[in-house]
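Secondary and tertiary structure notes
Read off the chains here:
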Amino acid sequence: MNRTQFLVILSAIGLFFLLYFGCDVKSKEQKTVATARALTIENLNPETLIAQATTALTAAQRAVIEPLTQKLTAESTPSVLKPLSAAWHNAEHDEVAALYAQRIAEAEKTDEAWSIAGANFYLALQKATDPNLRDFCSKRAAEAFQNAASLNPTKLEHRLNLALCFVENPPADNPMKGILQLRELDSQNPENTVVNFQLARLAIKTGQFDRAITRLEKIVAKEPKNQRFICLLADAYAGKSDPKAGEWAAKCGQ
């Protein structure tokens, strides 16, 4: 885990209590907001995240996860961590699944393990609405994919996933970072269907439907049965109110 990040978080919590209790100059409303923010920061502690997620488990989920957690206290190995991470993923708590996946990657030290950890953090990032939790997941997803890329620099998937992290949650000091990384990958791999697909998705989000259609038609020609490509092409045509949208929508799901 990123110990420096956790120390920063703990320092921020300490600073909050010093300001809140040491100098009573805030209004009641300001104090309420400050308290809520402090609690949010505190909730980013991995142990607290796990504890909170545990309270939200159903009885069936708890019956699966609790025995695995008890086993973990006696044997913290990938063979124990993997089913525990999978169980948390199945319970739709990807942020917890990712924490255990990260421990697996730290033990196995393979690009595949780091990619799986990054994927879990990325899934949690996509679902999260709280800005602090999004930053928490985004930073760890990026670190995981960076580790994967350093171990296997020839695998395009790792660099693509890293770029998508920055697109999903742009760094405040460099909001174009993910897009620029995608464009670089595109210039290096202009015929790669996955890169073109992701750039087409981004083009649709920004209303650039013609650009999306150009990319999608190219990759659909290569993979005419790929439903993801076909359905996104239907969305692109629909975005510009093109009659072809119905034609491609009819093929979507076949």
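Here the structure is shown first, and the text comes after it.
Below is a summary of the structure that appears in this document. (Residues numbered from 1 in each chain as written. Predicted model: local features only at pLDDT ≥ 70, side-chain atom pairs only at ≥ 80, totals over all residues. Heavy atoms only, no water.)

Some words on the environment of Lys 218
Basically, it comes down to this: Counting from the N terminus, the helices are the DSSP runs of H or I reaching at least four residues and the strands are the DSSP runs of E reaching at least two. Here, two residues are considered to be in contact whenever any of their heavy atoms come within 4.5 Å of each other. Pairs of N or O atoms within 3.5 Å make up the polar contacts considered here, provided that, within protein, one atom can donate a hydrogen while the other can accept it, and that residues adjacent in sequence are counted only when both atoms are side-chain atoms.
Mapping Lys 218 onto the fold places it in helix 12 (residues 209-222). Taking the C-alpha atoms as reference points, Lys 218 and Asn 196, separated by 22 residues in sequence, lie 8.7 Å from one another. Leave out the neighbours within four places in its chain, and Lys 218 touches Pro 190, Glu 191 and Asn 196. Reaching out from Lys 218, the side chain makes a polar contact with the backbone oxygen of Pro 190 at a distance of 3.4 Å.

Some points on the nonpolar core
What counts is decided by this rule: Nonpolar cores are built from buried Ala, Val, Leu, Ile, Met, Phe, Trp, Tyr and Cys residues. Side-chain atoms within 4.5 Å join them into one set. Burial classes follow relative accessibility: with a 1.4 Å probe on protein chains only, a residue under 20% of its type's maximum area counts as buried, one over 50% as exposed, and anything between as partly exposed.
One finds Ile 65, Leu 84, Trp 88, Tyr 100, Phe 121, Phe 136 and Leu 182 to be the most contacted residues of the largest nonpolar core, which totals 42 residues. A total of seven residues in this core trace back to one element, the largest contributor, which is helix 9 (residues 156-168).

A closer look at the pattern of salt bridges
Quick reminder of the rule: Think of a salt bridge as a Lys or Arg side-chain nitrogen and an Asp or Glu carboxyl oxygen that are within 4 Å of each other.
Using the criterion set out here, one finds nine salt bridges in the structure. Asp 210 is the partner of Lys 240 in a salt bridge, and the nearest nitrogen-oxygen pair spans 2.7 Å. Residue Lys 240 is located in the loop between helix 13 (227-239) and helix 14 (244-251), and its partner Asp 210 is located in helix 12; the two are separated by 30 residues in the primary sequence. Judged by its relative accessible area of 37%, Lys 240 falls in the partly exposed class. A salt bridge links Lys 251 to Glu 247; the nearest nitrogen and oxygen atoms lie 3.9 Å apart. Taken together, the positions of Lys 251 and Glu 247, both in helix 14 and four residues apart, correspond to about one turn of that helix. Overall, the relative accessible area of 43% leaves Glu 247 in the partly exposed class.

Digging into unusual backbone geometry
Not every positive phi belongs to a glycine, and Lys 109 is a case in point at roughly 55°. With respect to the secondary-structure elements, Lys 109 resides in the loop between helix 6 (94-108) and helix 7 (111-127). The exposure class assigned to Lys 109 is exposed, which follows from its relative accessible area of 59%. Its identity as a non-glycine residue notwithstanding, Ser 241 has a phi of 55°, on the positive side. Residue position: Ser 241 is located in the loop between helix 13 and helix 14.

Examining the side chain of Asn 120
Tracing the sequence through the fold places Asn 120 in helix 7. Residues contacting Asn 120, with those up to four places away along its chain left out, are His 89, Asp 94, Ala 97, Ala 98 and Ala 101.

Quick look at the packing of aromatic side chains
Stated formally: We call Phe, Tyr and Trp rings a pair once their centres come within 6.5 Å, taking the six-membered ring for Trp, and we label the pair stacked below 30 degrees between planes, edge-to-face above 60, and tilted otherwise. Both a distance and an angle decide whether a charge sits over a ring: NZ of Lys or CZ of Arg must be within 6 Å of the ring centre and within 35 degrees of the ring normal.
Counted according to the given criterion, the structure contains one aromatic pair. When the ring of Phe 197 is compared with that of Phe 229, the centres are 5.4 Å apart and the planes differ by 40°; the resulting orientation is tilted. Remark: Phe 229 occurs in helix 13 and Phe 197 occurs in helix 11 (residues 193-205); sequence separation between them is 32 residues. Summarising the burial analysis for this pair, Phe 197 and Phe 229 share the class buried. The ring of Phe 136 has Arg 140 sitting right over it, with the charged end atom 4.0 Å from the ring centre. The ring centre of Trp 248 lies 4.2 Å from the NZ or CZ of Lys 251, which sits over that ring.

Some details on the packing of helix 11 against helix 13
Rules: Orientation is described by axes fitted as lines to C-alpha atoms, over the contacting stretch for helices, and by angles from 0 to 180 degrees between their N-to-C directions. Note that the term roughly parallel is reserved for angles under 35 degrees, roughly antiparallel for angles over 145, roughly perpendicular for angles of 65 to 115, and oblique for everything else. Crossings are classed by handedness, with left-handed meaning an anticlockwise turn of the near helix from the far one by less than a right angle and right-handed meaning a clockwise turn. Charged residues are taken to be Asp, Glu, Lys and Arg, nonpolar residues to be Ala, Val, Leu, Ile, Met, Phe, Trp, Tyr, Cys and Pro, and polar residues to be all remaining types, Gly included.
Orientation of helix 11 relative to helix 13, taken along the N-to-C sense of each, is 25°, at an axis distance of 11 Å. Taken together, the axis directions place helix 11 and helix 13 in an arrangement best described as roughly parallel. As for how helix 11 packs across helix 13, the hand of that crossing is left-handed. Of helix 13, the residues touching helix 11 (which contributes Thr 193, Phe 197, Gln 198, Ala 200, Arg 201 and Ile 204) are Arg 228, Phe 229, Leu 232 and Ala 236. Taken together, the residues of the contact of helix 11 with helix 13 break down into six nonpolar, two polar and two charged.

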